[in-house]
Every structure is written in structure tokens, then in C-alpha cells.
Amino acid sequence: MIVLRAGWVAPVDRPPLREAAVAVRDGRVEWVGPAAQAPAGEARDLGPGVLVPGLVNAHCHLELSHLAGRIPPGGGFVDWVERVVAARGEDAPETVRTRAAAGIEELERTGTAGVGDVSNALPHLDLLARSSLRARVFFELIGWDPETAPRVVERAQARLSELETDGVAVSLAAHAPFSVSPALLDAMGRAGGVSAIHLAESLHERRFFEGGDAEWSAFLGRRGLGHVRFEPPGISPVRYLDGLGILRPGLVAAHGVQVDAGDRALLAARHVSVVLCPRSNLALGVGLAPVPELREAGVRLCVGTDSLASAPSLDLWEDVRALRRAFPRLEPEWLLRVATRHGAEALGFDDLGWIGAGSRAAFAFAEGPRALSDPFGFLFSGEARLRGVRA
């Protein structure tokens with residue numbers, strides 16, 4: 001048995017414990033409590049600071065890590081999307097894998113224990129399988145032409161049947177309501193359902209459905225899809241997807257920036273998990289999700305970094321701190337749950353996001369001063385830097 005000692009332990013499902021310890025056997029927590037009462041075992045003293053559950057990054061694109069720093073925002077959301085589409089195929093597969101491996105290492109180093117990774121090509125499942133991360137990979141499909149829908153799903157299913165996933169959960173996901181046709185969404189539903197989607201990220205998306213958006217329509221034309229007729233339904237993207245039966249329990253929807261009160265009520269009623277990606281949203285100039293209003297409506301919230309094509313790092317705690325800066329009235333205790341337990345629940349990781357008997361021994365630790373009286377205040381002070389701890 002390994003006994004980790006720390007100045008503070010924040011289990012998430014109960015108040016933080018001062019001068020506490022966590023006993024671990026075979027990768028699972030067996031006991032949590034005051035250090036003076038810890039069972040016998042190999043003692044590892046982490047020192048003053050705060051031990052928390054490993055973070056859960058619920059929305060990430062590891063296969064875009066090779067685009068870090070190459071597509072500076074500034075030309076608007078549609079321009080950024082177009083440049084990502086153009087640049088993502090420029091690097092050799094070996095470079096894409098090498099950068100994805102570096103992204104995995106950054107997640108582990110900065111205290112992430114679980115990840116919801118979005119992938120179009122699945123080039124790095126083996127890297128995730130060999131890492132310490134618990135991963136759920138969303139195999140993302142794109143296709144605005146309804147004529148291609150059956151072939152897109154057939155190819156995806158054939159690809160999945162060929163893969164050795166090595167314990168990494170893989171499920172079909174749709175890119176976004178403005179890049180996946182109703183026919184493809186229907187075909188995915190018949191093939192097992194949509195597990196994840198980008199939703200309500202930008203005003204362009206909302207305008208496209210409420211009355212038409214010239215910039216996005218022009219982009220589709222440049223992609224050779226100008227022949228596809230689409231009559232805007234005159235409703236929000238959230239209501240549009242609900243009408244297609246896509247909103248359902250277990251769906252992981254990234255962003256949720258452009259949502260009104262009716263959208264928020266629908267997301268809550270359908271038990272959809274919305275992943276907040278504040279640093280990516282701010283970098284792309286699309287605004288911030290209305291977090292207090294989403295919370296008040298009862299929407300299930302978690303946090304993600306998005307990709308290195310739009311975020312400066314894969315350090316999830318920086319996104320949590322960005323939420324605190326943007327909405328200073330959000331309680332630190334609640335934000336920690338959003339970054340741990342809520343993300344784990346969204347991805348179906350029952351043994352992550354909390355510290356207690358039976359949970360996975362995957363933690364994050366922030367070294368702090370010896371005279372530390374307020375663990376949550378320290379975590380959000382700007383001085384805390386989380387690092388991964390495995391036992």
C-alpha cells in the first residue's frame with residue numbers, strides 16, 4: 001500500500017481535509033482521512049499544498065496539436081475554420097503523431113487524468129492506450145451533402161471494425177449542425193447515435209439556422225457544396241438538433257456560447273453535457289458561454305481546452321482559472337467539481353473526478369506554502385500550478 005500525504009486533500013465530494021492522507025493499493029484509493037490516522041504503508045510526502053482529483057478535459061483535439069501557433073486568430077471564425085481545414089493536411093503523419101504524443105504528455109504533466117478527444121482520422125489511439133490517461137475518443141464525421149451520408153457512415157463503421165482500440169472507448173460523433181447534414185445525422189442515429197458535437201459556438205452558426213449566413217454559405221461554396229440547397233429553419237441550432245432527435249442524455253456538446261433561455265432549458269431537459277472552452281472561445285472572438293445562466297437552468301457543465309489550434313496550451317486548469325476571472329462569483333468549490341467530477345460523469349468515467357474508496361489513484365497536486373489556510377483560495381490565486389500524481 002502507498003500512502004500519499006499532503007497539507008490539504010480536496011476529495012470533491014466532501015469538504016477539504018487538512019494534514020491528510022490517501023491510501024492506495026493496486027491503482028485504487030482504499031482510504032482517505034487525517035494523516036495521523038493513515039494506515040501503514042509506503043509513505044510518500046507531497047509536502048504543503050493541495051491534492052485534488054485528476055482533472056478531466058472533456059473536449060480536446062489531440063490530432064490538431066501540430067497546428068499549435070500556426071493559425072493566429074483575427075480574421076473571424078469562418079476564416080479561422082477555413083485555414084484549419086487547409087492546414088491540417090500539410091504535415092506528414094509522423095509529425096501529427098509526434099505532436100499528439102507531446103499533447104498527451106502535456107495533459108499528464110499538468111494534472112489531467114481523463115480526456116474526451118475528438119478525432120477525424122484516429123491516428124493516435126495506441127498512444128492514448130499506452131498513456132496514463134483514461135480516454136474516450138469521439139470519431140468525428142463531417143458531411144454536408146446528404147447524398148454522401150450512407151457512404152460516410154459505412155466507411156466510419158468499417159474503420160472502427162478494423163481498429164485495435166486497446167481499451168480506449170471510441171464512439172461516433174458529428175462535427176457541428178452546420179457541417180453535418182440531417183441525412184448524415186439520421187444515418188448516425190441508426191448506427192448507434194451521436195455521442196458528441198460542437199454546438200452554438202459562434203454567431204455565424206446561429207445566423208445560418210435562423211435566417212442564413214453569407215460567410216458560411218460562401219465557405220460551403222468554396223468547399224464544392226454550393227449545390228446543396230438548405231432552407232434555414234428559422235430556429236436556433238439547439239432547437240434544430242432537438243427537432244432531429246439529437247439532443248439526448250449522454251450527448252457531449254462543446255461550447256454552448258450562443259444559447260438563449262429556451263436553448264438552456266432544452267439542454268437541461270435533455271440532460272446534455274455542455275463543455276465550456278473559455279480560452280479557445282476568447283481567442284476566436286466568439287464570446288463566452290453564459291455560465292451562470294447555464295448553471296441556473298440546470299445544464300450539466302464541464303470544461304475542455306479545445307485544440308492547440310485555438311488554445312495556448314492543454315493545461316485545463318488555465319481554462320478553469322479563465323472561468324473564475326470571467327465570472328468571479330462562481331464558487332471555487334463548484335469550479336473544481338466542474339473540472340473533475342462533472343467531466344468524468346459526462347465521459348462515463350465513474351472512477352475519476354473524486355477521491356474516495358474505489359476511485360482511480362490519479363491525482364493533481366499544487367505545491368503551496370507551509371502556512372496554507374485556504375486551499376481553494378490558493379488554487380485560484382494564480383500561484384498554483386497543478387502537476388499530475390499517480391500512485
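Residues numbered from 1 in each chain as written. Predicted model: local features only at pLDDT ≥ 70, side-chain atom pairs only at ≥ 80, totals over all residues. Heavy atoms only, no water.

Caption draft 1: Quick look at the pattern of salt bridges. Considering all chains together, one arrives at 25 salt bridges under this definition. Arg206 is the salt-bridge partner of Asp260, the closest N and O atoms lying 2.9 Å from each other. Taken together, the positions of Asp260 in the loop between β11 (252-255) and α9 (261-269) and Arg206 in helix α6 (residues 203-210) put the pair 54 residues apart, joining distant regions of the chain. Classification of Arg206 by relative accessible area gives buried; the value is 12%. Connected through shared salt-bridge partners, Arg206, Glu210, Arg239, Asp260 and Asp263 make up one network. (Salt bridge = Lys/Arg side-chain N within 4 Å of Asp/Glu carboxyl O. Helix = DSSP H or I, 4+ residues; strand = E, 2+ residues; numbered from the N terminus. Buried < 20%, exposed > 50% of the residue type's maximum accessible area, 1.4 Å probe, protein only.)

Caption draft 2: Broad picture of the sheet that holds strand β12 (residues 273-276). Here we have four strands laid out as an open sheet, ordered β10-β11-β12-β13, and parallel in their pairing. The open sheet has two edge strands, β10 (196-199) and β13 (300-303), and neither has a second partner. Going from strand to strand, the sheet's axes swing by 30° on average, the running direction of each strand aside. Direction of pairing for β11 relative to β12: parallel, over a ladder of three bridges. The residue of β12 that forms the bridge with Ala253 is Val274. (Pairing = 2+ DSSP bridges. Axes fitted to C-alpha atoms, helices over the stretch in contact; angles between N-to-C directions.)

Caption draft 3: Structural context of the packing of aromatic side chains. Counted by the stated rule, this structure contains eleven aromatic pairs. When the ring of Trp144 is compared with that of Phe230, the centres are 5.1 Å apart and the planes differ by 65°; the resulting orientation is edge-to-face. In this pair, Trp144 sits in the loop between β8 (134-141) and α4 (149-162) while Phe230 sits in the loop between α7 (214-222) and α8 (237-243), placing the two residues 86 residues apart along the sequence. Owing to a relative accessible area of 24%, Phe230 belongs among the partly exposed residues under this scheme. Plain terms: the ring middles of Phe178 and Trp216 are 4.3 Å apart, the flat faces sit at 85° to each other, and that makes the pair edge-to-face. One end of the pair, Phe178, is in the loop between β9 (169-174) and α5 (182-190); the other, Trp216, is in helix α7, with 38 residues separating them in the sequence. For Trp216, a relative accessible area of 3% gives the class buried. Through successive ring pairs, a cluster of aromatic residues spans Trp144, Phe208, Phe209, Phe230 and Tyr240. Here the basic side chain of Arg295 rests over the ring of Trp334, its NZ or CZ set 4.2 Å away from the ring centre. (Phe/Tyr/Trp six-rings, centres within 6.5 Å; stacked < 30°, edge-to-face > 60°. Lys NZ or Arg CZ within 6 Å of the ring centre and 35° of its normal.)

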